[in-house]
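Breakdown of the fold
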Amino acid sequence: MLRKAQLKAEKEIIQRVQLFGSVMCQRVNIRAMTQLCALLFVPICQAFLPNFWSRVLTLSWDSSTHQYMTEQAILNITIETLSTIMEQAQGGDKEELHTGLGRGFWHAVGEVASANAAMDFLSSTRSDPIYHFDSERVEGATEMLRDFWRQTLLLTKSKEYQGARRSLGQLFHSLQDFYSHSNWVEMGKRDIYLHLLHPEESAVPVASEDIPTCAACYRFSCYNNLLEEMIRGEAEPRLTTGYFSDFPAKPAGKCSHGGILDSSRHHGAEGGINKDSTSPLFSPHHYLHKEAAHLAATATLRVLQDLREEVGPKSFLSLFSVQQPPALVFVMDTTGSMFEEITAARLRAFSIIQARERSRRTSLPGTFILVPFHDPDFGPVKETDNPDEFMQYMENLMALSGGDEPEMCLSALQLALTHSPPLSEVFVFTDASPKDHHLQSAVQSLILEKQIKVNFLLTEDPSLTSRGRLWRKRRGSLSPDRFSLYSSLSSVSGGMTIFTTNKDIHKVSAIVEDTTTSSKVTLLHVESEMDSFNSFQVDGAVENVKLHITGQIKHCELISPSGSRQFLPGSDGPLAELYSSQGLSRICLLPPLETGVWQLAMRAIGPVTFNVQGDSSLDFLYYFAKEANETHPGLRKVEGSPIAGTAVFLVVSVTGLSPNEDTLFSHVTLLGPNGESLRKVLLNSSSSYWSEEELVGHMDSVPRMPFSLRLTGKDGRGNLLERVSSELIQPTHVQIQVHSAPHLLPGHSSTVMFEIFNHGPNRHFIPSAEDDHGYLSHTEQLRNKLFIPERSSVKREIELYTPHNAETKRSITLTLTVHAEDSPDSNYAVVYMTVIPKERDTSPPACSALRMESACPAVCSQGSWKVSLMARDRGHSGLASVQLAQGGGILTLSQVTSERNRNHSPLHEETTGVSHLKFNKSQPFETGPKSQRRIQLVNGEAPIQISEWSEGKPIMMFYSSGCCAPQAELVLWDRAGNMRHCHLIASQQRALREKNNAHSERSQPLLVLILYPHLILSILHMLQLL
């Protein structure tokens, strides 16, 4: 009865907050909705809060988050490194340090922070205690932490910076969790635990599973609930960490993680010890949050300092793309007719390199990439950060023989995109159509994933065309739309397709220099048919504004903000200079540059693309996100394209702002392909004390047509500011969710598991996959047509084989795509994997609970309990054998089938994040129709060998038992001999162990009376700020 009263009281708190929130959400505007309605489903908190939005969800405005600690540490070490370099060089303007870090820097920092937060959202990591220092898994978590460090170091030294950033973010998450989830702070420690990443440092003993660590606590705030020997032991206190949820089972007397939705807190010892936030609802040791956060931040800084010392300042700055000039990326057709194009590209590259040498704005030269192609060959990729070496690559290019098109253009472009840094601009020089049409989806996916602009410079002779010594018919006899694929890709990327001639290619190639000499921002990007009237905003933070117009212009009129006019083409006037060539017009606005709204009226023959760029440090980054309502509060980034018709959050980060600038950005406008306004998304104020540097808007429904974004705001003097992100976002009704992305080992096969969700009507879909190293196996089976009913999903897997001689320390990019057979709907997922050196496997297997049904009645013979688990090997040996060592039930093993067509299960609900779907929970333990994939075990049988049967892949385990046998123990072995014990306990058995006393019943109603008004006042205070 006492336990029921406690649960009822806690449930009443949540229901009252949710009811109050639902009423208030109907009365406030959209900006309030984005912050308040998130409270309607209060989720579980299992780590330092993931990101800024978590503070809103938990009503703990002053909590430190994983995101904040990570971003601040990287920023501080970067500024420190740059300051030291500037002092040594005795030059530079320190005031430009913040504003001059570059958009690439903030994108890189975002990648680290996103990888950190994803540990709380991904189904493969969020509930696994080894990633979070939970459930007394200190030794395993420490080894995992050191693995992340080795991977980060290895990838950074190999210049695989994207992979290094992801590994670093994962490292930060586990490291920061240690100080929140363990009793390190309660021991009175004021320094970081060096042994975690430095094995030579002294270690603190760890409490074993049979040692009690906590006393019962029946309040939200738990003071002094750690046993004395865990804090001030007679010899030396022992490390302990709290258990979370129902798996792994918490032994009696152990500490829980704690928090209002942690089910393990009801099992002795009750309560919890986490310091994740300042909210007592989520963190029983909330009063020590500041101390834990300080140590976590200090440890994060120490990792970055160690990393800088290991790789050197130059590689450290390159890792975070600090002050990096734009990458120079050429994809070059080398067939016989390309002599003029190769010469033009060579001259432009030389000019750009000379200009960078003269400016010396940064000690980093940037990235240079060259990918040649013809038919049937393409590549290899020539990548360097040495300008002289790149020029040698360009000098070695030769126009070879070849007399027919098409060519392997998309294969070369795919390689270039894979190797290019995010936010790059790629230039493709060719006069031939693509032979490899099948790569269009993979290429478009990489463009959208990395936000890379692609420009095609296409040359053609209007009469005869020669390629080497062979002459062929006029291009008019070939397909008139053979270049349409290029136009489609450039349009999606926000780039341009320019049709010109060999005669004019040198003039047209000036666009390369225009867009890669400094940090560019886009002020306008539209595509239109024939006549058009466009306007764009120029502000005081923009210099060197250039207009690029593709197509055939008959006449245009340029109008300045003050009303001055200039007609083009014609003689140069007071406003601009026109540089006209076949296929491209370049208009350069003349200084002094007027601020305000500029207008351009234009008449053209056929379609035109109109692009306006300028030099400025002020720009923005963005992503779409869904509320995470599984085990951690926060916003989870939407991978791939957003789902049309669903509600999402739009998260915007403004870059290049000075800390002293009083700038306010109010909204984002969604723009259609022709520049038309679709809708406005209001943003919360950048001065909001819970949102740090990020702005958040809420979209009730994602449009069904492609769109781009325009950010609008005002500076401190009230002047209008506008920036455009020109890539076209492609809403869809299909989604790909990747469940596992393993490391690759030479000589081994690896499996990537993913799921395809259909958010539209019943349809057939065609999946496909491409990787940049040719490691995929049996791709023809993947391309089989799939039928997926409405609001259902299909699980698939794909295998990669890494050759014995594969180069280690390299990243492999796998691009998964899916297309609807009868509609344009498509989506993608890009998976990054690393080939790591093969070392001795010392990691034991892991078993993770997916679902438990264990509400046993008081009379044990009247009930049963069930658990579903997934077993996998953490190392590279593979599972070898399994045994049911204890328990009176039946253990069923099942292979993870690659094709499962069913309504979304509870597991799927965790991964999709689409709130409007209805999920079928009637068959949580269904495994698939193939009986030969099942093995059953009972207690007393010898371990069964599963090496060949499991095929080196994870397996599903389903245990069911009567309640009179409330405990079970499974034992797993891998092929290297590593062993793991997995303990299962029914909930009623735990309840019998609990010791209830009177003060729990008396204190709980008092807590309700105290906390409920506090929550209401917090919500009302928030509403007053909106």
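The rules behind the values
Residues numbered from 1 in each chain as written. Predicted model: local features only at pLDDT ≥ 70, side-chain atom pairs only at ≥ 80, totals over all residues. Heavy atoms only, no water. Salt bridge = Lys/Arg side-chain N within 4 Å of Asp/Glu carboxyl O. Core = buried A, V, L, I, M, F, W, Y, C linked by side-chain atoms within 4.5 Å. Buried < 20%, exposed > 50% of the residue type's maximum accessible area, 1.4 Å probe, protein only. Helix = DSSP H or I, 4+ residues; strand = E, 2+ residues; numbered from the N terminus. Contact = heavy atoms within 4.5 Å. Disulfide = S-S within 2.5 Å. Pairing = 2+ DSSP bridges. Axes fitted to C-alpha atoms, helices over the stretch in contact; angles between N-to-C directions. pLDDT = per-residue confidence, 0-100. Phe/Tyr/Trp six-rings, centres within 6.5 Å; stacked < 30°, edge-to-face > 60°. Parallel < 35°, antiparallel > 145°, perpendicular 65-115°, else oblique. Left-handed = near helix turned anticlockwise from the far one by under 90°. Nonpolar A, V, L, I, M, F, W, Y, C, P; charged D, E, K, R; others polar. 1 Å grid on protein atoms, 1.4 Å probe; cavity = no way out; pocket = protein on both sides within 12 Å on 5 of 7 lines; lining within 4 Å. Points joined across faces, edges and corners; volume = space filled by probe spheres on them.

Here we take up the pattern of salt bridges. One pass over the structure, following the stated rule, counts 22 salt bridges. One continuous salt-bridge network, built from bridges that share partners, spans Glu143, Asp147 and Arg150.

Counting 57 residues, the largest nonpolar core has Leu171, Tyr179, Trp184, Leu239, Leu304 and Phe320 as its most contacted members. Of all the elements in the fold, those that place two or more residues in this core are helix 4 (66-89), helix 6 (103-118), helix 7 (138-157), helix 8 (161-181), helix 10 (289-311) and helix 11 (313-319). Residues in contact with Leu239, not counting those within four places in the same chain, are Glu136, Val138, Phe178, Ser182, Asn183, Trp184, Met187, Tyr193, Val204, Pro205, Val206 and Ala207. In terms of nonpolar packing, the next biggest core, distinct from the first, is built from 32 residues, Ala412, Phe456, Leu458 and Val830 among them.

Now for helix 16 (residues 484-493). Of all the ten residues making up helix 16, seven are buried; the element is thus mostly covered by neighbouring parts of the structure. Taken residue by residue, helix 16 has Leu485, Tyr486, Leu489, Ser490, Ser491, Val492 and Ser493 as its buried positions. Once helix 16 ends, the next one or two residues include Gly494, with phi positive near 85°.

Applying the stated criterion across every chain, the model contains five disulfides. Bridging Cys214 to Cys255, the disulfide has an S-S length of 1.9 Å. Handedness here is read from the sign of the S-S torsion; for Cys214 and Cys255, about 90°, the answer is right-handed. In this pair, Cys214 is assigned in the loop between helix 8 and helix 9 (228-231) and Cys255 in the loop between helix 9 and helix 10, connecting sequence segments 41 residues apart. According to the relative accessible area criterion, Cys214 is buried, its value standing at 6%. A sulfur-sulfur separation of 2.0 Å characterises the disulfide bridge that pairs Cys856 with Cys963. Around the S-S axis, the bridge from Cys856 to Cys963 shows a dihedral of about -80° and counts as left-handed. Here Cys856, found in the loop between strand 32 (845-853) and strand 33 (864-873), pairs with Cys963, found in the loop between strand 39 (955-962) and strand 40 (967-974); they are 107 residues apart in sequence, far enough to count as distant.

Turning to the sheet that holds strand 34 (residues 879-886), a few remarks are in order. Taking strand neighbours across the sheet as the criterion, the four strands line up as 38-34-40-41 in an open arrangement whose pairing is antiparallel. Every interior strand has two partners, whereas the edge strands, strand 38 (944-945) and strand 41 (979-985), have only one. Here strand 34 runs beside strand 40; their pairing, made up of six bridges, is antiparallel. Residue pairing for strand 40: Ser881 is matched across the bridge by Trp973.

With that out of the way, let us pick up the side chain of Thr156. Checked against the element boundaries, Thr156 lands in helix 7. Ignoring anything within four residues of it in the chain, the contact list for Thr156 reads Tyr161, Ala164, Leu307, Val311, Ser315 and Leu319.

Here we have four strands laid out as an open sheet, ordered 17-16-18-21, and antiparallel in their pairing. The two strands at the open ends of the sheet, each matched to only one other strand, are strand 17 (634-637) and strand 21 (694-699). Each adjacent strand pair in this sheet contributes to an overall mean axis angle of 40°, direction not counted. Strand direction decides the pairing type here: strand 18 (residues 648-655) and strand 21, joined by six bridges, are antiparallel. Within strand 21, the position partnered with Val648 by the bridge is Met699. Docked against the sheet, helix 6 engages strand 16 (619-628), strand 17 and strand 18, running at close to 15° with respect to strand 16.

So, about the confidence of the model for the chain. Residues with a pLDDT of 70 or more make up 80% of the chain, whose mean pLDDT is 80. No element of the chain has a lower mean pLDDT than helix 20 (residues 906-912), at 31, and none a higher one than helix 10, at 96. This model gives residues 686-692 a pLDDT under 50, and the stretch forms 26 contacts once residues within four places in sequence are excluded. Here residues 988-1026 scores under 50 on pLDDT; set against residues more than four positions off or in separate chains, the count is 79 contacts.

This part covers the packing of aromatic side chains. For the structure shown, the criterion picks out 19 aromatic pairs. On the numbers, 5.2 Å between centres and 75° between planes, the contact of Phe133 with Phe178 is edge-to-face. Of this pair, Phe133 sits in the loop between helix 6 and helix 7 while Phe178 sits in helix 8; the two residues are 45 residues apart in sequence, bridging distant segments of the chain. The class of Phe178 is buried, set by a relative accessible area of 0%.

As a packed pair, helix 14 (residues 409-419) and helix 16 sit with axes 12 Å apart at the nearest point and diverge in direction by 20°. Classified by the angle between their axes, helix 14 and helix 16 sit roughly parallel to one another. The interaxial crossing formed by helix 14 with helix 16 has right-handed handedness. Seen from helix 14, the contacting residues are Cys409, Leu410 and Leu413; seen from helix 16, they are Leu485, Tyr486 and Leu489. Looking at the contact of helix 14 with helix 16 residue by residue, the classes come out as six nonpolar, no polar and no charged.

By the definition in use, this model includes eight cavities of 30 Å³ or more. Roughly 130 Å³ of internal volume is contained in the second largest cavity. Contributing to the lining of the second largest cavity are 14 residues, with Pro129, Arg137, Phe247, Cys847 and Arg980 lying nearest its centre. Those elements that provide at least two residues to the lining of the second largest cavity are strand 32 and strand 41. At four residues, strand 41 tops the list of elements feeding residues into the lining of the second largest cavity. Here the residues of the lining of the second largest cavity are counted per class, giving seven nonpolar, three polar and four charged.

Let's shift gears to the pairing of strand 1 (residues 328-333). Of all six residues that make up strand 1, six are buried, and the element is covered over most of its length. Of the two faces of strand 1, the one holding Leu328, Phe330 and Met332 and the one holding Val329, Val331 and Asp333 are both buried throughout. In this structure, strand 1 lies alongside strand 2 (residues 368-373), joined through six bridges in parallel fashion. The partner of Phe330 across the bridge, within strand 2, is Leu370. Sheet topology places strand 1 next to strand 4 (residues 425-430); four bridges connect them, and they run parallel.

This brings us to unusual backbone geometry. The omega angle of the peptide bond from Gly268 to Ala269 is 0°, so this bond is cis rather than trans. Following the sequence through the fold, Ala269 ends up in the loop between helix 9 and helix 10. Even without glycine at this site, Phe133 takes up a positive phi of about 55°. Looking at Phe133, the relative accessible area reads 0%, which means it is buried.

Before going further, it helps to examine helix 15 (residues 440-450). The buried fraction of helix 15 is high, at nine of eleven residues. Looking at helix 15, one finds that the buried residues are Ser441, Ala442, Val443, Gln444, Ser445, Leu446, Ile447, Leu448 and Lys450. Of the residues one or two after helix 15, Gln451 is the one with positive phi, at around 50°.

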